[in-house]
Amino acid sequence: MSIRVGIVGISGFGGGEALRLIAGHPHFELVYAAGEGSAGSRLIDHFPGLPGKLAELVIERWDPVALPEIDVLFASLPTGASADALARVSRDVKIVDIGGDHRYVDGWTYGLADVWPDEIKGQTRVANPGCFPVATQIALAPLLVNGLIEPGNIVVDAKTGISGAGRGGGGGFSFAANNENLVPYGLLRHVHMPEMTTTIERLSGASAAGLVFAPHLVPMTRGILVTMYCRGSATTDQCLDAARRFYNNSAFVRVIDKPPQTKWASGSNLAFVSYAADPERNLVIALGVVDNLGKGAAGQAVQNANLMCGLAETAGLEGLPIWP
Ligand SMILES: NC(=O)C1=CN([C@@H]2O[C@H](COP(=O)(O)OP(=O)(O)OC[C@H]3O[C@@H](n4cnc5c(N)ncnc54)[C@H](OP(=O)(O)O)[C@@H]3O)[C@@H](O)[C@H]2O)C=CC1
Ligand SMILES: CC(=O)N[C@@H](CCC(=O)OP(=O)(O)O)C(=O)O
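These figures come from a predicted structure and were not determined experimentally. (Residues numbered from 1 in each chain as written. Chains lettered and ligands numbered in written order. Predicted model: local features only at pLDDT ≥ 70, side-chain atom pairs only at ≥ 80, totals over all residues. Heavy atoms only, no water.)

**Q** Is there a simple way to think about the UniProt feature "domain: Semialdehyde dehydrogenase NAD-binding" (unreviewed entry) in the chain in this case?
**A** With numbering aligned to this structure, UniProt lists the feature "domain: Semialdehyde dehydrogenase NAD-binding" (unreviewed entry) at residues 4-123. Taken end to end, residues 4-123 is 23% helix and 21% strand, and its first and last C-alpha atoms sit 17 Å apart. (UniProt positions renumbered as here; feature names shortened; annotations may be inferred. Helix = DSSP H or I, 4+ residues; strand = E, 2+ residues; numbered from the N terminus.)

Given below as structure tokens:
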């Protein structure tokens, strides 16, 4: 079966990773690529390693009402650039929005594919979670649904690779500014807080008003590690058991009894979670690792599209991480 897909924002980091995954997908065929500044150029001008027909595909100027016949559109546009445009796309085209405009928006399903895959099956409009939220939510979900931590008392300390800022990241995201440097940012006001709060409240049934989120840029290309400090009297084994049960059927979430590292997920759609808890101190530390461009963006987007199209969730996503 061949499913015709398009990517808008293909010249960017998220769109480029979607291209890489789709090029190796057993059922998806990339027939449409779009952008703004890159319109008129060929894919090979941006991705010199592309083979044959894909290399010669010309990037079109993005026009949501002039799409060729496609079944699925991956939108990897800057947050703020997709809300109006995607509303104009025909309802016959399934959309996965990798950007932030449709998360917890009416008419769109929040695509937290490892936690509620059944909600995504058959949908036509799915919003990918943000990269920090996906790492956070996957690690916290088993604790929240089993009442092992206090939902209103969670501190999320997050580290991200620089590619999280996208291809356009100059200035504060430049090599010179970040090499051998560690940079906190977005304290108390990061755009990902509302979706994390909503998901925590949804999974726990209680307020997450006390959520603290502190992201940091670290001098690496890919990867996210979230270390979360929570209140709860569970033991480490109870947390690990809860996660193993929760992710029993999961193809992509690895529950592991030692602290995970960012490179373990690099280039893959995997998420690693682990826990360390001290009941005497009422302390649970939860850890989550993803590749921001994998599970944090394009990997999760392909997983969501697979579910939307009734394919095996793992189609095109079985590649192993890159090590070292
Ligand atoms: N980077 C990451 O790790 C993650 C990113 N995201 C989200 O994914 C989205 C894309 O991010 P990322 O790939 O990093 O960003 P990039 O800056 O790397 O790429 C942005 C892309 O959007 C295209 N674009 C910009 N404006 C327009 C427009 N008006 N019309 C058509 N195309 C346009 C650009 O195309 P052109 O070159 O043709 O102008 C480019 O391909 C963002 O919403 C981001 O927040 C989500 C999770 C993780
Ligand atoms: C390093 C860096 O800047 N990372 C981005 C997160 C990338 C992401 O998930 O973005 P969206 O929510 O817009 O999709 C940030 O902190 O805003």
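**Q** Would you mind showing me how to read the site of ligand 2 here?
**A** Around ligand 2 sit 15 residues in total, of which Arg-103, Cys-131, Tyr-185, His-190 and His-192 are the nearest. The separation between an oxygen atom of ligand 2 and a polar side-chain atom of Tyr-185 is 2.5 Å. Interatomic distance of 2.4 Å between a side-chain N/O atom of His-192 and an oxygen atom of ligand 2. If ligand 2 stood free it would expose 440 Å²; the protein chains cover 81% of that surface. (Near = heavy atom within 4 Å. Polar contact = N/O pair within 3.5 Å; in protein donor to acceptor, adjacent residues only side chain to side chain. Areas by Shrake-Rupley, 256 points an atom, 1.4 Å probe, with all protein chains shown as cover.)

**Q** Looking at this structure, I do not really get the pairing of strand β1 (residues 3-8). What am I missing?
**A** For a regular strand, the rule is simple: side chains alternate between the two faces of the sheet. Within β1, five of the six residues are buried, leaving the element largely enclosed by the surrounding structure. The pairing of β1 with strand β2 (residues 28-35) spans six bridges and is parallel. Paired with Ile-3 across the strands is Phe-28, a residue of β2. The parallel pair β1 and β2 is bridged by helix α1 (residues 13-23), and the resulting crossover is right-handed. Across four bridges, β1 lies against strand β4 (residues 72-75) in parallel orientation. Each residue of the ladder has a partner; that of Gly-6, found in β4, is Leu-73. (Buried < 20%, exposed > 50% of the residue type's maximum accessible area, 1.4 Å probe, protein only. Pairing = 2+ DSSP bridges. Right-handed = clockwise from strand over helix to strand, strands pointing away.)

**Q** Is there a simple way to think about the site of ligand 1 in this case?
**A** What surrounds ligand 1 is a group of 27 residues, the closest being Ser-11, Gly-14, Ser-38, Leu-77 and Arg-167. Between Gly-12 and ligand 1, the recorded distance is 3.0 Å, taken from a backbone N or O atom to an oxygen atom. The contact in question runs from an oxygen atom of ligand 1 to an N or O atom on the side chain of Thr-79, over 3.1 Å. For ligand 1, whose unbound accessible area comes to 900 Å², protein coverage reaches 84%. Those elements that provide at least two residues to the shell around ligand 1 are α1 and α10 (294-308). The residue inventory of the shell around ligand 1, partitioned by class, reads nine nonpolar, 16 polar and two charged. A domain-level breakdown of the shell around ligand 1 finds at least three residues from each of domain 1 (3-129 + 296-308) and domain 2 (131-292). (Nonpolar A, V, L, I, M, F, W, Y, C, P; charged D, E, K, R; others polar. Domains from an automatic or database assignment.)

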